[in-house]
Each structure stands twice: as C-alpha cells, then as structure tokens.
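Chain residues, written in single-letter form:
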Amino acid sequence: DTLAVRASAYYRRDGGWIDRVRFEDKQVIDKNANRVDSFVGRVAVAWTPTPDLTITPSVVYQRIKNNDSPESWDNIQRDPASPNAMFSDYDNGVFLNGNRVRENGNDRFVLPSLNIKYALGGADLIAIGSYFDRRQTFRSDYTSFNQSLFTGITLPLFPDQASFSDFVNTQKNWTGELRLQSNATDSPFTWVVGGFYQDAEQVSLQ
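The text that follows walks through the structure, step by step, so that each part is easy to find.

Conventions we followed
Residues numbered from 1 in each chain as written. Predicted model: local features only at pLDDT ≥ 70, side-chain atom pairs only at ≥ 80, totals over all residues. Heavy atoms only, no water. Pairing = 2+ DSSP bridges. Helix = DSSP H or I, 4+ residues; strand = E, 2+ residues; numbered from the N terminus. Axes fitted to C-alpha atoms, helices over the stretch in contact; angles between N-to-C directions. Salt bridge = Lys/Arg side-chain N within 4 Å of Asp/Glu carboxyl O. Polar contact = N/O pair within 3.5 Å; in protein donor to acceptor, adjacent residues only side chain to side chain.

**Regarding the sheet that holds strand S3 (residues 28-30)**
Line of reasoning, step 1. Judged by pairing direction, the sheet is mixed, and its three strands sit side by side in the order S3-S2-S6 without closing on themselves. Edge positions in the sheet fall to S3 and strand S6 (96-97), since each of these pairs with one other strand and no more.
Line of reasoning, step 2. Note that strand S2 (residues 19-21) and S3 share two bridges and pair antiparallel. By the bridge assignment for S3, Arg20 is matched with Asp30.

If you want it as structure tokens, here you go:
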C-alpha cells in the first residue's frame, strides 16, 4: 500500500530503402543501409512512507542507432552514356548511395529525476531534480570533398580513396526546483513561491 513500481520498454526497427553501392560498378555493399534501431526504457517508483510524503524517482533511457545515411545519390552527370551517370532511379523505386564510408550514427541519453512532495496542512512543499546526459556521434563521408580539395577533381573517385569526419555532441544538464504552494481548493486565492536552478553544458567536436 506504500510502494508502486512502473516499468516499460520499447523497441522499433525502421527498415531502410537505400542501398549503399560501390562507386565504380554499382555493386551493392549494404542493402537497405539506412535502417534505424530505437531502444527506449523507463522505470518509475512511487513511495509514500507516510500519508503526507510522496517520493517519486524515475529514470528514462533512449538509444537510436542509424546504420547509414538517409540520403541517396541522384544522377551525377547529365550524359546518360557515361558509366558514372546513373545512380538512383527514382521512377522505378531504386535508391542508391555511392558513399565510400558508411555514415552511421548513435544518439543516447539518460534522464534520471526525483520528485518529492510533502503536505504541510494548507500548503505543499515540492522538490524536483533531474540530470540529462546525452551523447550523439556521427560519421560523415568526406571522400569527394577532400579529393576535390586536394586534387581539384571531385568525380570520379580515385580507387581506394576514402576519408571521413567524426562528429561528437554531448550535453549534461542539471535542473532543480523547490517551491511552496497553496493546496486549498475552496479558497479564492492561490499562491506559489519558489526557485529554479539549471546548469546546462554542451560540447561539439568535429
């Protein structure tokens, strides 16, 4: 009668529709490459050690994994006779990606929180705290960009030429709230007094 627990979990697979192929001969390297896997979980506890006190901790976890880029390559040259001209054929449902490097990503966050409520007769004292920790990573194909930068030739790609750039984005947020508020439902006046604090930090690296 004083303790309750709720837990839930969720998984989803979004199927891909873009094939990553080898630039030179359009051979499929990874079929349906842009698939996405999502994992979500949450646990919450409500504890009432006394009728006037309720303590509710909870934690949420989420992770999203992108296997490859959702972008497809259009026809890169206007001359249909060129062997490098044809990539995607949108009219016939063919979506191709000629990147040398798999553009995968991972987005993970954890969100624990604590809610405490104490009844003081005509008012409630409420304290809330949370911490948000998120890390996003992504790899981008820089092969054609770097080749063009250093040689002046964007396409065709040189044999065995591959380069990439890694992106990392992190967030760490602390929040806290303390308030005292009236709880009389039959009063024509209500009041709230309290304070809120937040410390948010974000770092981006490439």
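**Concerning the sheet that holds strand S8 (residues 123-141)**
Line of reasoning, step 1. Read from one edge of the open sheet, seven strands run S1-S4-S5-S7-S8-S9-S10, paired in antiparallel fashion. Two strands lie at the open edges of the sheet, namely strand S1 (3-14) and strand S10 (192-205), each paired on one side alone. Each strand axis lies, on average, 5 degrees off the axis of its neighbour in the sheet, ignoring direction.
Line of reasoning, step 2. Of the strand pairs in this sheet, strand S5 (residues 53-66) and strand S7 (residues 105-119) are connected by 14 bridges, and their pairing is antiparallel. Each residue of the ladder has a partner; that of Val59, found in S7, is Pro112.

**Regarding the pairing of strand S4 (residues 36-50)**
Line of reasoning, step 1. Inspection of the sheet shows S1 paired to S4 by twelve bridges, in the antiparallel sense. Counted as the bridge partner of Tyr10 is Val40 from S4.
Line of reasoning, step 2. Pairing analysis gives eleven bridges linking S4 to S5, with the strands arranged antiparallel. Bridge pairing in S5 places Val40 opposite Gln62.
Line of reasoning, step 3. Taking the residues between adjacent antiparallel strands as the criterion, S4 and S5 are bridged by two residues.

**Comments concerning the pattern of salt bridges**
Line of reasoning, step 1. The tally for this structure, following the rule as stated, stands at 13 salt bridges.
Line of reasoning, step 2. Note that Arg108 is salt-bridged to Asp133, the shortest N-O span being 3.6 Å. Note that Arg108 is positioned in strand S7 and Asp133 in strand S8, a separation of 25 residues in sequence.
Line of reasoning, step 3. With a shortest N-O distance of 2.5 Å, Glu177 and Arg179 are connected by a salt bridge.
Line of reasoning, step 4. A cluster of three or more residues bridged by salt bridges with shared partners is formed by Arg108, Asp133 and Lys172.

**A short note on the side chain of Asn169**
Line of reasoning, step 1. Its location among the elements puts Asn169 in strand S9 (residues 164-182).
Line of reasoning, step 2. At a separation of 2.7 Å, a polar atom in the side chain of Asn169 contacts the side chain of Gln136.
Line of reasoning, step 3. A polar contact of 3.2 Å, which involves the side chain of Asn169, links it to the side chain of Gln202.

Bear in mind that shape data such as this cannot, by itself, settle questions of function.
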